[in-house]
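Letter by letter, the chains look like this.
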Amino acid sequence: MEAFVELVCPACEKHWEKAPSELPEPKESFDCPDCGERRPLSEFTRSDRDLEVLRESL
C-alpha cells in the first residue's frame, strides 16, 4: 500500500493528496492545479513528514 502526501498551495491554500509516485522530485518545479502557482514541490508539502515520505519514495 502506497502512502499519500498531503499538499497545500502556498498561494491559494488548496489542499489535496497525491501518491508520491505521481509527483516529481521535491526540488523540481510543480504547478498548483487550481491557481497555477509554480514553485519547487517541496514548498507544497503540508508538513515535514509529507516531505520525508516524498523523499523516501525516490
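Preceding this paragraph is the structure being described.
Residues numbered from 1 in each chain as written. Predicted model: local features only at pLDDT ≥ 70, side-chain atom pairs only at ≥ 80, totals over all residues. Heavy atoms only, no water.

Re unusual backbone geometry
Inclusion rule: Secondary structure elements follow DSSP: runs of H or I of four or more residues count as helices, runs of E of two or more count as strands, with numbering from the N terminus. For every residue, the accessible area (1.4 Å probe, protein chains only) is compared with the maximum for its type, and the residue is labelled buried under 20%, exposed over 50%, or partly exposed between those bounds.
In the Ramachandran plot, Glu13 falls in the positive-phi region, its phi being about 70° despite a non-glycine side chain. Secondary-structure assignment places Glu13 in the loop between β1 (5–8) and β2 (15–18). With a relative accessible area of 57%, Glu13 lands in the exposed category.

Observations concerning the environment of Glu52
Within the element layout of this structure, Glu52 appears in helix α1 (residues 48–56). Classification of Glu52 as partly exposed rests on a relative accessible area of 39%. Separated by 10 residues in sequence, Glu52 and Ser42 place their C-alpha atoms 9.9 Å apart.

Some thoughts on the pattern of salt bridges
Side chains bearing opposite charge may pair, as long as their charged atoms lie close to each other. For clarity, the threshold we go by: Whenever a carboxyl oxygen of Asp or Glu lies within 4 Å of a side-chain nitrogen of Lys or Arg, that contact is scored as a salt bridge.
Inspection of every chain in the model, using the stated rule, returns seven salt bridges. For Asp34, the salt bridge identified is with Lys14, shortest N-O distance 3.9 Å. You can see Asp34 sitting in the loop between β3 (29–31) and β4 (38–40) and its partner Lys14 sitting in the loop between β1 and β2, a full 20 residues away along the chain. Look at Lys14 and you get partly exposed, because its relative accessible area is 25%. Across the pair Arg49 and Glu52 runs a salt bridge, and its minimum N-O distance is 2.8 Å. Highlighted residues: Arg49 and Glu52, both in helix α1, separated by three residues, approximately one helical turn. With a relative accessible area of 46%, Arg49 lands in the partly exposed category.

Keep in mind these values describe shape, not function.
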